[in-house]
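Given next are the chains, with one letter for each unit.
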Amino acid sequence: MNEAPSSVTAPIEQLHQTYGRLTGQNLSLRFDRERLWFEFLRAGFTLADLIQVVRYLQREIRHTRRNVGALKLSNLLQLDRFEEDLNISRVRLTAPAPTPQKPVVVVPTCSPAEQALGRQRALEQLRELREKLRQGSL
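Residues numbered from 1 in each chain as written. Predicted model: local features only at pLDDT ≥ 70, side-chain atom pairs only at ≥ 80, totals over all residues. Heavy atoms only, no water.

**Q** Hey, could you go over helix 2 (residues 31-42) for me, with residue numbers and the actual values?
**A** Residues separated by three or four positions in an α-helix point in the same direction, a consequence of the helix having 3.6 residues per turn. In this model helix 2 runs 16 Å from its N-terminal to its C-terminal C-alpha over 12 residues, within 8% of the 16 Å that 1.5 Å per residue would give. Of the residues one or two after helix 2, Gly 44 is the one with positive phi, at around 100°. (Helix = DSSP H or I, 4+ residues; strand = E, 2+ residues; numbered from the N terminus. Expected span 1.5 Å × (residues − 1).)

**Q** Outline the side chain of Arg 33, supporting the account with residue identities and numerical values.
**A** Within the fold, Arg 33 resides in helix 2. Here Arg 33 occupies a buried position and makes no salt bridge, while the nearest side chain of opposite charge, Asp 32, is found at 5.2 Å. Beyond its immediate chain neighbours, meaning those up to four positions away, Arg 33 contacts His 16, Leu 27, Ser 28 and Leu 73. (Buried < 20%, exposed > 50% of the residue type's maximum accessible area, 1.4 Å probe, protein only. Lys, Arg positive; Asp, Glu negative; His and termini not counted. Salt bridge = Lys/Arg side-chain N within 4 Å of Asp/Glu carboxyl O. Contact = heavy atoms within 4.5 Å.)

**Q** Hey, could you go over helix 5 (residues 79-90) for me, with residue numbers and the actual values?
**A** For helix 5, spanning 12 residues, the distance from its first C-alpha to its last is 17 Å, which sits close to the expected 16 Å at 1.5 Å a residue. The complete set of buried residues in helix 5 reads Phe 82, Asp 85, Leu 86 and Ser 89. The buried residues of helix 5 all sit within an arc of 105° when viewed along its axis, so they share a single face. Next to the buried residues of helix 5 lie helix 2, helix 3 (47-62) and helix 4 (73-76). (Arc of directions from axis to C-beta.)

**Q** So what about a nonpolar patch on the surface? Which residues, and what values?
**A** Residues Leu 123, Leu 126, Leu 129 and Leu 133 make up a contiguous nonpolar surface patch of roughly 360 Å² in combined accessible area. You can see Leu 129 is positioned in helix 6 (residues 112-135). Given a relative accessible area of 40%, Leu 129 falls into the partly exposed group. (Patch = residues over 30% accessible without salt bridge, like charges linked within 9 Å, V, L, I, M, F, W, Y side chains within 5 Å. Areas by Shrake-Rupley, 256 points an atom, 1.4 Å probe, with all protein chains shown as cover.)

**Q** With reference to specific residues and values, describe the nonpolar core.
**A** With 22 residues, the main nonpolar core has Trp 37, Phe 40, Leu 50, Leu 57, Leu 76 and Phe 82 as its most contacted residues. For this core, the elements supplying multiple residues, two or more each, are helix 1 (6-23), helix 2, helix 3, helix 4 and helix 5. Excluding its chain neighbours within four sequence positions, the residues that come into contact with Phe 82 are Phe 40, Phe 45, Asp 49, Leu 50, Val 53 and Leu 76. (Core = buried A, V, L, I, M, F, W, Y, C linked by side-chain atoms within 4.5 Å.)

**Q** How would you sum up the packing of aromatic side chains? Please name residues and give values.
**A** Enumeration over the complete set of coordinates arrives at five aromatic pairs. Geometrically, the ring pair formed by Trp 37 and Phe 40 is edge-to-face, given 5.5 Å between the ring centres and 80° between the ring planes. In this pair, Trp 37 and Phe 40 both sit in helix 2, three residues apart, roughly one turn of the helix. We classify Phe 40 as buried; its relative accessible area is 0%. Residues Phe 40 and Phe 82 carry aromatic rings whose centres are separated by 4.9 Å and whose planes lie at 80° to one another, so their mutual orientation is edge-to-face. (Phe/Tyr/Trp six-rings, centres within 6.5 Å; stacked < 30°, edge-to-face > 60°.)

Structure (structure tokens):
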């Protein structure tokens, strides 16, 4: 079996170990898996991309929007799908923060004396209503 140069072996091992740590899986790093990781790196993806997509998929799985099979290594490293998941994970689907509105200043339309008189009338009407309710005349 041809061994990959050490300049490629170390990043592949790091990717595989990180994948295992994030997903809780302990998969052996056989040649076929090394090849998948090699193609992953050759496509320009990084360790940070892997972490972002795995975390995104885990969040989607928790909310039952994705199947747990999305985290299978053979599914995750289908590069077209990985790229799509990476791009979707970068999209912010939240509404922009509302712009603060200026507080509305309420200007009284009547004088303090008129307000006091209105309060007295309202209290008197409440008393009358209460008395009518007690008497059962409503």
